[in-house]
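Here is how the chains run, residue by residue.
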Amino acid sequence: MVFPEAFDSRLSVLIFHRILAKSDPLLPYETTVQDFRKEMAILSRHFSVLPLNEGIARLRNGTLPPFALCLTFDDGYRDNYTVALPVLREFGFKATFFVASGFLENGLMWNDALLEVMRRWPGEYIDLSDWGVVRLPMQTIEDRRRSWNLLFKWMRRIGVRGRSEMLERLMQGFPSVVRNDLMLTKEQVQQLHSEGMEIGCHTQSHPILSRISEDEACNEILGSRRELEELIQAPVRYFAYPNGVPGEDYGTRDVRLVEKCGFDAAFTTAWGAATQDADRFQLPRFTPWDKEMTKYLLRLILSRRGLAAKVPA
């Protein structure tokens, strides 16, 4: 099958988050190391996988090879180093790691804390009726997965203060929920950099930029960049908007801030591939979700025309 539309000067950028050493029943759609190795094998056969700086430079000057693609990881999970890095080495690929610097070492993002509550909850129900949430069943793994998904979507909307209060309530009596092994260490970030991986900025605490003040957003962006540059003793050139949905998770103010801060480029979670005339402070990225590799490849190819969601079932 030939896809001539894919042989043009477009740059695909993939997003990964966690790469699990083994499957997690509460995260059935998360990428495992077996999935990741299969995906990298597909990319090695069918795509030109470039370091991000080379991909952006060649996008601008119109010299991209066919099926040009870059790899990125968001948030700064430790398994990016312990699980994903060895696979990247196998294939000789360079990736960019967008790190939320405030979680390095012993940090825990709120969604991961919530997941650990769901994993360890001892009762058959969670009763949050006084918060306006229906009584949530917790009897099976599927119950816990659905409850986590419902609470995750709800807590995203209630703001930082409300989310903190809710987590504090849920975590009462669960000291073991607080993990210190989920996020990258500073030494691991330095090691990634020393192996030729790009370190990018993803703010300090991963806020939704559109929901905080301009001063707060500026402090989040510049503070993270400063911390990471001090850590790796090199410029941090690229930025990824937390969550990254244009017009929802960030706005024109935030694009202006990122440009003013002097980054070379910034990335969203809008679907598609970047063209030569794309706004370099709103470059698209996406995550193919297929476990079956033929569909995974087809979605990658179609995404270059913004058609990634059109893969037949």
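Since we're looking at a predicted model, the values are computed, not measured. (Residues numbered from 1 in each chain as written. Predicted model: local features only at pLDDT ≥ 70, side-chain atom pairs only at ≥ 80, totals over all residues. Heavy atoms only, no water.)

Participant: Could you give an account of the overall build of the protein, with specific residues and numbers?
Facilitator: Helix and strand counts for the protein come out as ten helices and eleven strands. Over its C-alpha trace the protein gives a radius of gyration of 20 Å, about what one expects of a compact globule, namely 20 Å for 313 residues. Across its three principal directions, the C-alpha atoms of the protein cover 60 × 45 × 35 Å. The buried share of the protein, taken over its 313 residues, is 52%. Sequence separation of 24 or more characterises 69% of the internal contacts of the protein that already satisfy a separation of 6 or more. Counting only carbon and sulfur atoms, one obtains 51% of the accessible surface of the protein, whose full area is about 14400 Å². On the protein, the mean spot of the 40 positive side-chain charges and the mean spot of the 41 negative ones are 3 Å from each other. (Helix = DSSP H or I, 4+ residues; strand = E, 2+ residues; numbered from the N terminus. Rg over C-alpha atoms; globule rule 2.2 N^0.38 Å. Buried < 20%, exposed > 50% of the residue type's maximum accessible area, 1.4 Å probe, protein only. Contact = heavy atoms within 4.5 Å. Areas by Shrake-Rupley, 256 points an atom, 1.4 Å probe, with all protein chains shown as cover. Lys, Arg positive; Asp, Glu negative; His and termini not counted. Charge placed at Lys NZ, Arg CZ, Asp CG, Glu CD.)

Participant: How would you explain the pattern of salt bridges if you had to name every residue and give the values?
Facilitator: Opposite charge on two side chains lets them pair, provided their charged atoms get close. Tallying each qualifying case throughout the model produces 17 salt bridges. Where Asp-35 meets Lys-291, a salt bridge forms, and the shortest distance between an N and an O atom there is 2.6 Å. Placement of the pair is Asp-35 in helix H1 (residues 33-46) and Lys-291 in the loop between strand E11 (265-267) and helix H10 (293-303), with a sequence separation of 256 residues. Classification of Lys-291 by relative accessible area gives partly exposed; the value is 38%. Salt-bridge contacts for Arg-120 lead to Glu-116; the nearest nitrogen and oxygen are separated by 2.3 Å. Of this pair, Arg-120 and Glu-116 both sit in helix H4 (residues 110-120), four residues apart, which is roughly one turn of that helix. Taking relative accessible area as the criterion, Glu-116 reaches 4% and is therefore assigned buried. (Salt bridge = Lys/Arg side-chain N within 4 Å of Asp/Glu carboxyl O.)

Participant: Can you tell me about unusual backbone geometry, naming the residues and giving the values?
Facilitator: Positioned with a positive phi, Thr-203 is a non-glycine residue whose angle comes to about 70°. Relative to the elements of secondary structure, Thr-203 occurs in the loop between strand E9 (198-201) and helix H8 (214-232). Phi is positive for His-206, which is not a glycine, with a value near 60°. Residue His-206 is classed as buried on the basis of its relative accessible area of 17%.

Participant: Describe the packing of H4 against helix H6 (residues 159-170), listing the residues and the values that go with them.
Facilitator: Viewed as axis vectors pointing N to C, H4 and H6 meet at an angle of 25°, and their least axial separation amounts to 10 Å. In terms of orientation, H4 and H6 fall into the roughly parallel class. For H4 against H6, the interelement crossing comes out left-handed. From H4, Trp-110, Ala-113, Leu-114 and Val-117 reach across to H6, where they touch Arg-163, Leu-167 and Leu-170. Grouping the amino acids of the contact of H4 with H6 by side-chain chemistry returns six nonpolar, no polar and one charged. (Axes fitted to C-alpha atoms, helices over the stretch in contact; angles between N-to-C directions. Parallel < 35°, antiparallel > 145°, perpendicular 65-115°, else oblique. Left-handed = near helix turned anticlockwise from the far one by under 90°. Nonpolar A, V, L, I, M, F, W, Y, C, P; charged D, E, K, R; others polar.)

Participant: Can you explain the nonpolar core? Please cite residues and give values.
Facilitator: Of all hydrophobic cores here, the largest spans 55 residues; its most connected members are Leu-43, Leu-71 and Leu-88. Contacts of Leu-88, omitting those with residues within four sequence positions, involve Phe-36, Met-40, Leu-71, Phe-73, Phe-93, Ala-95, Phe-97 and Met-197. Membership of the second largest hydrophobic core comes to 27 residues, among which are Ala-113, Leu-114, Leu-151 and Met-166. (Core = buried A, V, L, I, M, F, W, Y, C linked by side-chain atoms within 4.5 Å.)

Participant: An account of the packing of helix H3 (residues 79-91) against helix H7 (residues 186-194) is needed here, citing residue identities and associated values.
Facilitator: Running from N to C, H3 and H7 point in directions that differ by 25°, and their axes come no closer than 10 Å. Between H3 and H7, the angle is such that the two are roughly parallel. Considering how the two elements wind past one another, H3 and H7 form a crossing that is left-handed. Between H3 and H7, the contacting residues are Tyr-81, Thr-82 and Leu-85 on the first element and Gln-188, Gln-191 and Leu-192 on the second. Residues belonging to the contact of H3 with H7 are distributed by class as follows: three nonpolar, three polar and no charged.

Participant: Give a detailed account of the packing of aromatic side chains, specifying residues and quantitative values.
Facilitator: The geometry of two aromatic rings is summed up by the distance between their centres and the angle between their planes. Within this structure, the stated rule accounts for 13 aromatic pairs. Consider the rings of Trp-148 and Phe-152, whose centres lie 5.2 Å apart with planes at 10°: the pair is stacked. Here the residue Trp-148 and the residue Phe-152 both occupy positions in helix H5 (residues 141-157), the gap between them amounting to four residues, near one helical turn. Above the plane of the ring of Tyr-125 lies Arg-135, whose end atom (NZ or CZ) is 3.9 Å from the centre. Across the ring face of Phe-263, the terminal group of Arg-225 is positioned such that the distance to the ring centre comes to 4.2 Å. (Phe/Tyr/Trp six-rings, centres within 6.5 Å; stacked < 30°, edge-to-face > 60°. Lys NZ or Arg CZ within 6 Å of the ring centre and 35° of its normal.)

Participant: How would you summarise helix H9 (residues 252-260) if you had to cite specific residues and measurements?
Facilitator: In an α-helix, one turn spans 3.6 residues, which is why side chains three or four residues apart end up on the same side. For H9, the full list of buried residues reads Asp-254, Val-255, Leu-257 and Val-258. Each buried residue of H9 sits inside an arc of 160° when the element is viewed along its axis, so together they form one side. Residues Thr-252 and Lys-260 are exposed on H9 and point more than 90 degrees away from its buried face. Of the surrounding secondary structure, the elements contacted by the buried residues of H9 are H8, strand E10 (238-240) and E11. (Arc of directions from axis to C-beta.)

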